[in-house]
Amino acid sequence: MPLSTIDKLFYENGIEINYLKDDLEGNELKMIRGATKTIQKYRPKLAITTYHDNQDYRELVDIIKSAVPSYKFKVKGIEEITGKPMMLHMWWS
């Protein structure tokens, strides 16, 4: 099956989303980069895993806040081995 982006699936088809949750085994940055128009337009609540290799929640926050500066965020949980936060929650207010 060919890959697509959140923007192609939702933004370009005018389909509103209000919640976006992912655990893409280290591909979260790619997913967010392909979802910025959807995030800008619909401002969904976000739950994104952040503990995978080469993953930094701060980079995710920066990308999302560059699309919608008023997004708030909180990181939760600590992964035992790496000590990295487990989950990034973001919401618009």
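Look above for the structure.
Q: Any chance you could explain the pattern of salt bridges here in plain terms?
A: Inspection of the entire model under this criterion finds 2 salt bridges. Note that E59 and R33 form a salt bridge whose closest N and O atoms lie 3.1 Å from each other. Highlighted residues: E59 in helix α4 (residues 57-67) and R33 in helix α2 (residues 28-33), separated in sequence by 26 residues. Residue classification places R33 among the partly exposed positions, given a relative accessible area of 47%. A salt bridge links D56 to R58; the shortest N-O distance between them is 3.1 Å.

Q: Before we go on, may I ask you to explain the sheet that holds strand β1 (residues 19-22) in this structure?
A: For sheets, the rule is that strands pair by backbone hydrogen bonds, running either parallel or antiparallel. In space, the 4 strands of this open sheet follow the order β1-β2-β4-β3, with mixed pairing throughout. The open sheet is flanked by β1 and β3 (71-78), the only strands paired with a single partner. Pairs of neighbouring strands in the sheet enclose a mean axial angle of 10°, with direction left out of account. Along the sheet, α4 contacts β2 (45-49), β3 and β4 (85-92); its crossing angle with β4, the most-contacted strand, is approximately 15°.

Q: Explanation requested: the environment of T5 in the structure shown.
A: Among the structural elements, T5 can be located in the segment before α1 (6-11). Distance from T5 to T36, taken between C-alpha atoms, is 10.0 Å for residues 31 residues apart in sequence. Polar contacts involving the side chain of T5 include one to the main-chain amide nitrogen of K8, which spans 3.0 Å.

Q: What is the right way to read the side chain of T50 from this model?
A: Tracing the backbone through its elements, the reader meets T50 in the loop between β2 and α4. When its relative accessible area of 2% is taken as the criterion, T50 is described as buried. One polar contact links the side chain of T50 to the main-chain carbonyl oxygen of P85, over a distance of 2.6 Å. Excluding anything up to four places from it in sequence, T50 contacts Q55, Y57, L60, K84, P85, M86, M87 and L88.

Q: Explain the nonpolar core here, please?
A: The tendency in soluble globular proteins is for nonpolar side chains to be buried side by side. Grouped together as the largest cluster of nonpolar side chains are 19 residues, with contacts concentrated most on I32, I39, L46, I48, I64, Y71 and M90. Elements supplying a minimum of two residues to this core: α2, β2, α4 and β4. When residues of this core are assigned to their parent elements, the largest contribution, 5 residues, is made by α4. Contact partners of I32, with chain neighbours within four places excluded, come to I39, I48, L60, I63 and I64.

What counts as what
- Residues numbered from 1 in each chain as written.
- Predicted model: local features only at pLDDT ≥ 70, side-chain atom pairs only at ≥ 80, totals over all residues.
- Heavy atoms only, no water.
- Salt bridge = Lys/Arg side-chain N within 4 Å of Asp/Glu carboxyl O.
- Helix = DSSP H or I, 4+ residues; strand = E, 2+ residues; numbered from the N terminus.
- Buried < 20%, exposed > 50% of the residue type's maximum accessible area, 1.4 Å probe, protein only.
- Pairing = 2+ DSSP bridges.
- Axes fitted to C-alpha atoms, helices over the stretch in contact; angles between N-to-C directions.
- Contact = heavy atoms within 4.5 Å.
- Polar contact = N/O pair within 3.5 Å; in protein donor to acceptor, adjacent residues only side chain to side chain.
- Core = buried A, V, L, I, M, F, W, Y, C linked by side-chain atoms within 4.5 Å.

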